[in-house]
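# Notes for the structure review
Spelled out, the chains give:
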Amino acid sequence: MSAVDGATHREIQEFLYHEAMLADESRYPEWLELVTDDIHYWVPAGDGDYEPGSRVSFLNDNRTRLATRITQLMSGRRYSQVPKSPMRRIISNIQVLAVHPDGDGDGGSADEYEVGSNFVLYEHAVQATNDMRIWVGRTTHRLRRTDEGLRIARKKIELVNSTSALPNMAFII
Amino acid sequence: MELATESSTVGTGRDYTHLVQDYRVHGSLYSDPAVFADEMKRIFTDGWVFVGHESEIPDAGDWVARRLGAENVLMARTHDGEISVVANRCAHRGTTLCPQTEGNSRNFRCPYHAWTYDLDGTLLGAPFPKGFQNGKPDVRLDQPGQVDVYRGFVFANQSGAAGPLSEHLGPGGSDLIDRAADMSPTGRLQLNGGWLGQRADSNWKMWPESDNDGYHIIFAHESLAASLLAGSQYEDVILGGEGETSSVARDYGGGHVELDFRASYATELAWLGAPRSKVNAYCDDLEAAYGDDKAKQIMWDGPPHAFVFPNLFLGEMNIARIDPLAPGLTEHFHTPLLVESSDPGINRRVILQSEAAMGPASFFLPEDVVIAERMHRAFDTNPTDQHAWVDLRRGIEREQHSDGQRWSDITDETTSRGFWHHYRHVMSRIGEAAAASPNGSPGNGQG
């Protein structure tokens, strides 16, 4: 059972598909436009049942660090992504888990949606090994309704194998 | 001494005095399975290897799973408060006892036939005692011949014949570990911030090389020059170009090497990238613990960027261990260098720095991984190529030496040569006899 009506669910689903396409195609500036200024972008180690920053994480970015990441990727000398990995991901099992009216707490009426989804991402690691790498996990988005449309205020990615040693993950997961 | 006799019979015939020369090393050293087998014996069985840190297992029953050369082991805190290192392998049929990476247990119980071991590896019991003479099989979990701890860092020597840990570390290795541990006002690190693993499809020796290579930083990590590095602690120490920094590449002997940035730091706490006002309580703690002079030195010098042979990387805000799994497969695990201080801000900053520097999504390590993997491809495809040499001559003419140490400009390959010099020593201790065999040259392929 979804926490939103069918039209809103479809809107959220389309947004996730759009985000996935930009990430797959390494369209970094366009992808970065989808996130809010107070974004928290987090790939925990293990279950993600800890406070970010209290233990080491794969990714634990605020907007500044995320922008640095994009600048690095855009430099043309982020060799772990030169050439860029061809990627395609399948997003499924999309569930709107909760709606938070006035989620940003500014007294306005903007809603925020807590959205869970699963993904399978195929990456062709063309930089050295030419492996086909498979990344699998659960994403929890916090999407905020803004004047520009939906935007990502939080993105948490729990990889199923995050306690293992992982190969390079320098792309947008 | 029986072990030493044994080792002289298992050499694979590689001539390490030929394969490792003063200014170049042969590419087959990275890819040849016979070399890897010799390393597992001569370096990771006969020598001391870093296993973990005692702060990871504070309470009785705490354990972590680790790699010790070719063996999976458990490092545990016993009911008596001692540190034990035992094989993660039932003495009955070899079943892995603990498949997880860490946990807390009263004992280790095998799922197959319920043989149960105390945390120190003693067999407590096996079901149906009438089938065993004396009611219990006379076995225990395998354990290394020696385990020793220095400043909380736990090392093990499988053969038991490596001599004391203090000799392995020498003054150079001990001093590097002291400098890392002294970052904590109590002198005790708290390595409880979790380990992150980075997999590389390359040989393990590219890690001691690249982790301690001062030449590549402004090139391989050039993508950071315009963003993260500008205005950071690294701007002064590595972006200056040849001869423009005071940083030094050091070889302490014994395979222990350092990229010594200390002389380049322009301010106190430059290594932290934060002024004192952000971590005042930490600095106060250091002064109270060590006195003003030593505290000041710690605040200026910061943690070392150094390698302790054969698998411990003291990577400034990170402690890392290198696990060789196969000639072309290595795992590099790191944990943030957390300290005991009344200031919660210091560890928070260290974790942020750790996340920026290391791990598969960090700003630095992915470039080192992809370069190691590209190097490995070059040698993996031509394991017998007589021309496949790695050139390490940079700065060899201008490096200085005294009292068993060597040092040179930060961009010189003194650190790599230091690693390989000791590697040759360890690998050819018994290889000299083997070198006389017809399989002694790299041109002869898999022996």
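Residues numbered from 1 in each chain as written. Chains lettered and ligands numbered in written order. Predicted model: local features only at pLDDT ≥ 70, side-chain atom pairs only at ≥ 80, totals over all residues. Heavy atoms only, no water.

### Overview of the pattern of salt bridges
Residues and elements named next belong to chain A. Counted only if it meets this: By definition, a salt bridge exists where a carboxyl oxygen of Asp or Glu is found within 4 Å of a side-chain nitrogen of Lys or Arg. Helix numbers and strand numbers start at the N terminus; a helix is a DSSP run of H or I with at least 4 residues, a strand a run of E with at least 2.
In total, this model carries 41 salt bridges over all chains according to the counting rule given. One salt bridge in this structure joins Glu 11 and Arg 145, with 2.8 Å as the shortest N-O distance. Here Glu 11 is found in helix α1 (residues 6-24), whereas its partner Arg 145 is found in strand β5 (residues 131-146), with 134 residues between them in sequence. A cluster of three or more residues bridged by salt bridges with shared partners is formed by Asp 38, Glu 112, Glu 114, Arg 142 and Arg 144.

### Brief notes about the domain arrangement of chain B
All names here are of chain B. Filter applied, for reference: Domain boundaries shown here were taken from an automatic or database domain assignment. As used here, buried area is the combined drop in accessible area, with a 1.4 Å probe, of two parts when they are placed together.
The domain architecture assigned to chain B consists of domain 1 (50-149) and domain 2 (167-427). For the domain 1 and domain 2 pair, buried surface summed over both sides reaches about 900 Å², with 55% attributable to carbon and sulfur atoms. Interface area lost by domain 1 to domain 2 is led by Phe 50, Ser 55 and Arg 67, which between them contribute 60%. Our enumeration of links across domain 1 and domain 2 arrives at 0 salt bridges. Elements represented by at least two residues in the side of domain 1 that touches domain 2 include exactly β2 (48-53) and β3 (62-68).

### As for the confidence of the model for chain B
Inclusion rule: Scored between 0 and 100, pLDDT is the confidence that the predictor attaches to each residue. For this analysis, residues touch if any pair of their heavy atoms sits within 4.5 Å.
Residue-level pLDDT values for chain B average 90, and 89% of them are 70 or greater. Within the model, pLDDT remains below 50 along residues 431-447 of chain B, and this stretch shows 30 contacts once partners closer than five positions in the same chain are excluded.

### Re empty space enclosed by the protein
Residue and element names in this part refer to chain A. To be explicit about the condition: A pocket, in this scheme, is an open set of points on a 1 Å grid over the protein atoms alone with protein on both sides within 12 Å along at least 5 of 7 lines, while a cavity is a set where a 1.4 Å probe fits but cannot get out; residues line either one if an atom lies within 4 Å of a point. Grid points are joined across faces, edges and corners, and a volume is the space filled by probe spheres set on the points. Note on residue classes: Ala, Val, Leu, Ile, Met, Phe, Trp, Tyr, Cys and Pro are nonpolar, Asp, Glu, Lys and Arg are charged, and everything else, Gly too, is polar.
All chains considered together, the criterion is met by 6 cavities of 30 Å³ or more. In this structure, the largest cavity encloses a volume near 120 Å³. Every residue lining the largest cavity is counted, 14 residues in all, and those nearest its centre are Arg 89, Ile 91, Phe 119, Thr 139 and Lys 155. Breaking the lining of the largest cavity down by element, the ones donating at least two residues are α1, β3 (87-100), β4 (112-125), β5 and β6 (149-159). Considering each element in turn, the lining of the largest cavity owes the most residues, 4 residues, to α1. Taken together, the residues of the lining of the largest cavity sort by class into 8 nonpolar, 3 polar and 3 charged.

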